[in-house]
Amino acid sequence: MELRPILSTLRRHKTTAWLLILEIALTCAIVCNAVFMINHRLQHMQMSTGIDEHALVQIQVAEVAPLPDIYARAREDLAVIRQVPGVQAATLVNQVPLGASSSNANIMLEPTQRQPTLNAGTYFGVDLGPTMGLRLLAGRYLRPEEVLDSDVVLKALADGDTKVIAPVTVITQAMAQRLWPGGEALGKMVYLGPIGVRVVGVIEQLARANAYDDATAQYSMILPMFMGAGKDQSYLIRTHPQDRHAVLKAAVAALKKADPRRVVTTQRTYDEVREKFFENDRSMAGILVGAIAALLIVTALGIVGLASFWVAQRRRTIGVRRALGATRRNILVYFQTENFLLATIGIALGMVLAYGINLFLMMHYELPRLPAVYFPVGAIALWLIGQVAVLGPALRAAAVPPVVATRSV
Amino acid sequence: MFGYYLDLALRSLRRNKALTVLMVLAIALGIGASMTTLTVLHVLSGDPLPGRSDTLYYPQIDPRDDSGQMPGEEPPEQVTLIDGLNLLHAKRADRQALMTGGYVPVQSDSAVVDPFYVEARFTTADFFPMFGAPFRYGRGWNAFDDETRARDVVINGELNGRLFGGADSVGRTLRIADTRFRIVGVLDDWAPNPHFYDLNTGSFGRTEQVFVPLQTAMGLKLERHGSNDCWGKGAGGVGRIYPGESCVWLQFWVQLDSAAKVAAYEQFLVHYSQEQKALGRFVRPPNVRLRNVMQWLAHEKVVPDDVRLQTGLAFGFLLVCLVNTIGLMLAKFMRRAADLGVRRALGASKRSLFAQLLVESGVVGIVGGVGGLLLAGLGLWAVRQRPSSYAALAHLDGSMLLVTFALALGSTLVAGMLPAWRACQVPPALQLKSN
C-alpha cells in the first residue's frame, strides 16, 4: 500500500486530522489509566482475610443500661449462642477483618526504640483461630487459660504487676516477615510501647479491620485478653455456609430472648461485611467502566462522522481512481490505512500522555506506577475501535461507481 | 440578519440529523458528567458554617512523651481530658467547648417504645452559641449546669418528631441509658457538612440526635463513640468506657473574634505547654497549632480522593467530547467550502460568514449545554442513590448552576469559534473552481 497519496490528502486536512489524532490520544491515555485503576480496585477487592468467610456471621449487641459484669454477660451470651442449632463455634472479638472500626497498636522490636517498626491490628479474644478458621503455620494458638479479662490485664499493667498476665501473642506471616525478614519469628519478643510479648504462633493470614492499604492489610496480631460484652464487641459465629442465614436469625432471637431490653445493632453474614467494606471501590470501578465505554463510543462515533465526511467529499476522486483501474478493495484499504495511520500517531501521543497522567496520579494519590502491560491494552483498543468505526464509511467509499468520475459536481 | 443565519443553521443541521444528534449528545454528556462531579466536589469542600467558620479555631497541643518524636511533627489531633478541662476552665477565648461523640440508647419516658440507639454529642455549654445551632424550642444549658452535672439534654428535631410528634417537648423527660433527663431545648434542622467539629465519627452526613453535658455523660459512664490515640502506658488503645490519661480523645473548639485574640490565644497555648512541662506533665517543647475551620478541613483532607479522581475523569471526558465536536463541525464546514466561497464572491465579508457559522455551532452548543444541565440533574440524582455518606448532599445550588451555564457557554464558544474561524480562511476563488 502506497502511503504517499494518503499523507498528501491528510496534509490538505491538517486541522481536522490533528483534531482526530488529539481525540484518539486523549482517549487512549485516559483508557490506559482507567483500565489500570479498575484492575487496581478489583485486586484490592479480592483481598484475602484469612478467615473462613462463608461460614461466619457477625452480631453486635448494645445494652440499654450499664451492665454490672460485662465478662459474665459475654460468657452467658456465648453459652446462649452455642445452644442454637447449627452453631459450630462462637467467640467474642473486639474487631473483625474488614469491619472498618478498628483497634491498632504501634509495634517495636526494642522497648527503647524511638520510632515504631510497624502498626498492626490488635485482635483480642478466646479461641479466635479455630472459630475464624485461621491457618496456623507454626507454634500454637493462645491457650484459653492465658486469655484474661481486660480489667485484670489493664490493672496489672497499670500496677506494673506483670506476673499475673501471660505475655504471649500470635502474629501473621506478613508481620513476621516484616519484623524479621527471612528469620524465625517463634520465641521472639515484640513491644507494644513498654509492654513486651513473646510470639508463640504464626498464622498464614488475618486481615485488619481497616485494611485500606494492601501493603499493610495483613499486619495483625492476637493478644490474650477477653473484652467482655459491649457495643463495639462482636460475636462471631461459625456454622455451615448453607445454614448461616437461619443460624443468624436464630442466634439474634436467642440473644433477644435472653434479655429483651437490649438492642441488636449489627447482624450480618460475612459476605455482607465484605460487600460493605468494598462498596466504594466497587462503585468507583463501575464509574471507571462507564467512563471507558462512554469515551470509546464517543471516539468511535467521531471517527465514523469524520470518515463519512471525507468519503462524501472525495466521491469524485474515488470515482476517478476507480475509473483508472483501482479495485473496490484498493479503496477500502485506502480508508482503512488512513485510519490506521491516524490511530497510530494518536496512540503514540496517547502513550506519552498516559505516562504523564500516571505520574500526576502517583504524586497526588496513592497509586502505583502504570505497568507497561497497560500500554498495549489502550493501543489495541483504539486500533480496533478505529478499524471497526471506519469500516462503514470505507465500504460506502468502495461502493462508489467509477461513473462518478464523468459527472460534474 | 440573525434570524436568517438561524434559519440557515437549522436547515444545515437538519440536513445531517445523525451528525447533529451526535454532536449535541457528546457536548451534553461531557457537560453533564463534569457538572455532576464538580457539584459533588463543591458540596464536599464547602464551608460548614458560612459567616462563622473564620472565627472558630481548633487548638492543638502536644502532651505526648518523647518516644518517636520527629522534628516538625504535627501535635495530636485531639486533646486529653485533663488538658481539655484546663483549657476550658481557663476561658481565654470568647467562647470555648470541649466535646466527644457518643452512642446512647434512648427511650421515651413512658417506656412503651423499644429503646433505640442514636448518635450523641457530649459537650459543654458554649457549643450551641459558638456554632450557632438554631433552636426550635427552648435553649441550651449553661456553664453552671456543666459543673453541677445537670441531667439536661438538647435533642434535635428528628428525635423530637419520633418521640413527641414534633410538639414543644421542653420540660418533658426522656431516658438515656435508663437515666431520666430533662429536655431543655429542641434544635431546628442543623447538620453542618462536613461534620467539622469531629471528623472521627465520619466527615459527611452525620448529625447527632442528642446533646448531653460532657461531665454529666462521663459521670453516668455513657458510651462514647470516636477515635483515641494513646502513648506510653495507655498504648494499645484499650480501656473501659473512657481512654486513660495518656490518650487524646476529645475535641476542643474556641471562638476568637479578632486577629489580635487569635495571636494572643496561640501565645496562651505556648505558655500553657511550658507550664505543663515545668509541672512535669509534658515532656516535649511547646508544639501548638491554631487552625480555623477551613484550614482544619484542608489539613484533614476531608474531600475523598475518589471524588477528585471522578472530577478529573469527567473533565477528561468533556475534553474528548469537545475535540470530537470541533473536528466534526470543522469537517462539516469544510465540506460546505463551495457554498461559503460563493457567498464570499458575492460580497459577504469574512465577518458575516464567521457570524453565520458561529450561529450554527452556537445552536449545537446551547442545545448541548441545556442537555448537559438536564443530564447533570440526572447524574446528581444517581449520586444520591449511591451508598456513600455524602450521597444525600449532592444537590445543584445557585452558584453551581451559574458555573454550569458558564461551562456550557464556554464549551460552545470553543467548539464553535475554532471551526468557524478556520472555515472563513478559505480563499473564495479556489472554491469557485469546479473540483
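Residues numbered from 1 in each chain as written. Chains lettered and ligands numbered in written order. Predicted model: local features only at pLDDT ≥ 70, side-chain atom pairs only at ≥ 80, totals over all residues.

*Asks:* Before we go on, may I ask you to explain the overall build of chain A in this structure?
*Replies:* Helix and strand content of chain A: 12 helices and 13 strands. Relative to the compact-globule value of 22 Å for 409 residues, chain A shows a C-alpha radius of gyration of 32 Å, a clear excess of over 25%. When the 409 residues of chain A are sorted by exposure, 44% land in the buried category. Within chain A, contacts between residues separated by at least 24 positions form 83% of all contacts whose residues are at least 6 apart in sequence. (Helix = DSSP H or I, 4+ residues; strand = E, 2+ residues; numbered from the N terminus. Rg over C-alpha atoms; globule rule 2.2 N^0.38 Å. Buried ≥ 20, exposed ≤ 12 C-beta atoms within 10 Å, placed from the backbone. Contact = placed C-beta atoms within 7 Å.)

*Asks:* What am I meant to see in the interface of chain A and chain B here?
*Replies:* How big an interface is tends to be stated in terms of the accessible area lost upon association of its parts. Taken together, the contact between chain A and chain B spans 51 residues of the former and 50 residues of the latter. Those elements that provide at least two residues to the side of chain A that touches chain B are α2 (14-45), β3 (104-107), α5 (150-159), β13 (263-269) and α9 (279-313) of chain A. In terms of residues, the side of chain A that touches chain B owes the most to one element, α9(A), which gives 17 residues.

*Asks:* Quick question: what am I supposed to make of the sheet that holds strand β12 (residues 234-239) of chain A here?
*Replies:* Pairing between the strands of a sheet is mediated by backbone hydrogen bonds and can be parallel or antiparallel. Residue and element names in this part refer to chain A. In space, the four strands of this open sheet follow the order β2-β12-β1-β13, with antiparallel pairing throughout. The strands lining the two open edges of the sheet, one partner per strand, are β2 (87-93) and β13. Strand-to-strand twist of the sheet, defined as the mean angle between neighbouring strand axes without regard to direction, takes the value 20°. Bridge count between β2 and β12: six bridges; the pairing is antiparallel. Its bridge partner being in β12, valine 87 is matched across the sheet by threonine 239. Of the strands in this sheet, β1 (56-62) and β13 are in contact with helix α8 (residues 270-277), which crosses β13 at around 90°. (Pairing = 2+ DSSP bridges. Axes fitted to C-alpha atoms, helices over the stretch in contact; angles between N-to-C directions.)

*Asks:* Got a minute to help me understand the packing of α9(A) against helix α2 (residues 17-44) of chain B in this structure?
*Replies:* A pair of packed helices is characterised by two quantities: the angle between their axes and the separation of those axes. Between α9(A) and α2(B), whose axes approach to 11 Å, the crossing angle comes to 150°. Considered as vectors, α9(A) and α2(B) are oriented roughly antiparallel to each other. Where α9(A) crosses over α2(B), the handedness of that crossing is left-handed. Contacts from A:Ala294, A:Val298, A:Leu301 and A:Gly305 of α9(A) reach α2(B) at B:Leu19, B:Leu22, B:Ala26 and B:Leu29. Among the residues making up the contact of α9(A) with α2(B), the classes are represented as seven nonpolar, one polar and no charged. (Parallel < 35°, antiparallel > 145°, perpendicular 65-115°, else oblique. Left-handed = near helix turned anticlockwise from the far one by under 90°. Nonpolar A, V, L, I, M, F, W, Y, C, P; charged D, E, K, R; others polar.)

*Asks:* Is there a simple way to think about α8(A) in this case?
*Replies:* Count 3.6 residues to each turn of an α-helix, and residues three or four apart come out pointing the same way. For α8(A), every residue scored as buried is listed here: A:Tyr270, A:Val273 and A:Phe277. Angular distribution of buried residues about the axis of α8(A) spans 50°; they occupy a single face of the element. (Arc of directions from axis to C-beta.)

*Asks:* Which parts of the structure should I look at to understand the packing of helix α1 (residues 2-15) of chain B against helix α12 (residues 350-384) of chain B?
*Replies:* All names here are of chain B. At a minimum axis distance of 8 Å, the contact between α1 and α12 shows a crossing angle of 55°. If you check the angle between α1 and α12, you find them oblique. You can see that α1 and α12 cross each other, and the crossing is right-handed. Taking contact as the criterion, the partners of Phe2, Tyr5, Leu6, Leu8, Ala9, Ser12 and Leu13 in α1 are, on α12, Ala355, Gln356, Val359, Glu360 and Val363. Here the contact of α1 with α12 is built from residues that sort into nine nonpolar, two polar and one charged.

*Asks:* Looking at this structure, how should I read the pairing of β12(A)?
*Replies:* Side-chain positions along a regular strand alternate between the two faces of the sheet. Taking burial as the measure, the six residues of β12(A) include six buried ones, the bulk of the element. The alternating pattern of β12(A) places A:Ser234, A:Leu236 and A:Arg238 on one face and A:Tyr235, A:Ile237 and A:Thr239 on the opposite face, and all of these are buried.

*Asks:* Honestly, the environment of B:Asp7 in this entry has me stumped. Any pointers?
*Replies:* Residues and elements named next belong to chain B. With respect to the helices, strands and loops of the structure, aspartate 7 is situated in helix α1. Owing to 11 C-beta atoms within 10 Å, aspartate 7 belongs among the exposed residues under this scheme. Taking C-alpha positions, aspartate 7 is 65 Å from alanine 260, a pair spaced 253 residues apart along the chain.

*Asks:* Would you take a moment to explain the nonpolar core for this structure?
*Replies:* One finds A:Ile24, A:Cys28, A:Ala307, B:Ile27, B:Phe317 and B:Cys321 to be the most contacted residues of the largest nonpolar core, which totals 111 residues. Per-element tally for this core: the top contributor is helix α10 (residues 305-335) of chain B, with 17 residues. Those residues in contact with A:Cys28, other than ones at most four positions away along the chain, are A:Gly346, A:Ile347, A:Gly350, A:Ala354, A:Gly378, A:Ala379 and A:Leu382. Of all hydrophobic cores here, the second largest spans 72 residues; its members include A:Val87, A:Leu134, A:Leu206 and A:Leu255. (Core = buried A, V, L, I, M, F, W, Y, C linked by C-beta atoms within 7 Å.)

*Asks:* Would you take a moment to explain the domain arrangement of chain B for this structure?
*Replies:* Residues and elements named next belong to chain B. You can read the domains of chain B as domain 1 (2-45 + 304-432) and domain 2 (53-300). Contact with domain 1, which involves five residues of that partner, is made by four residues of domain 2. Residue composition of the side of domain 1 that touches domain 2, by class: four nonpolar, one polar and no charged. (Domains from an automatic or database assignment.)

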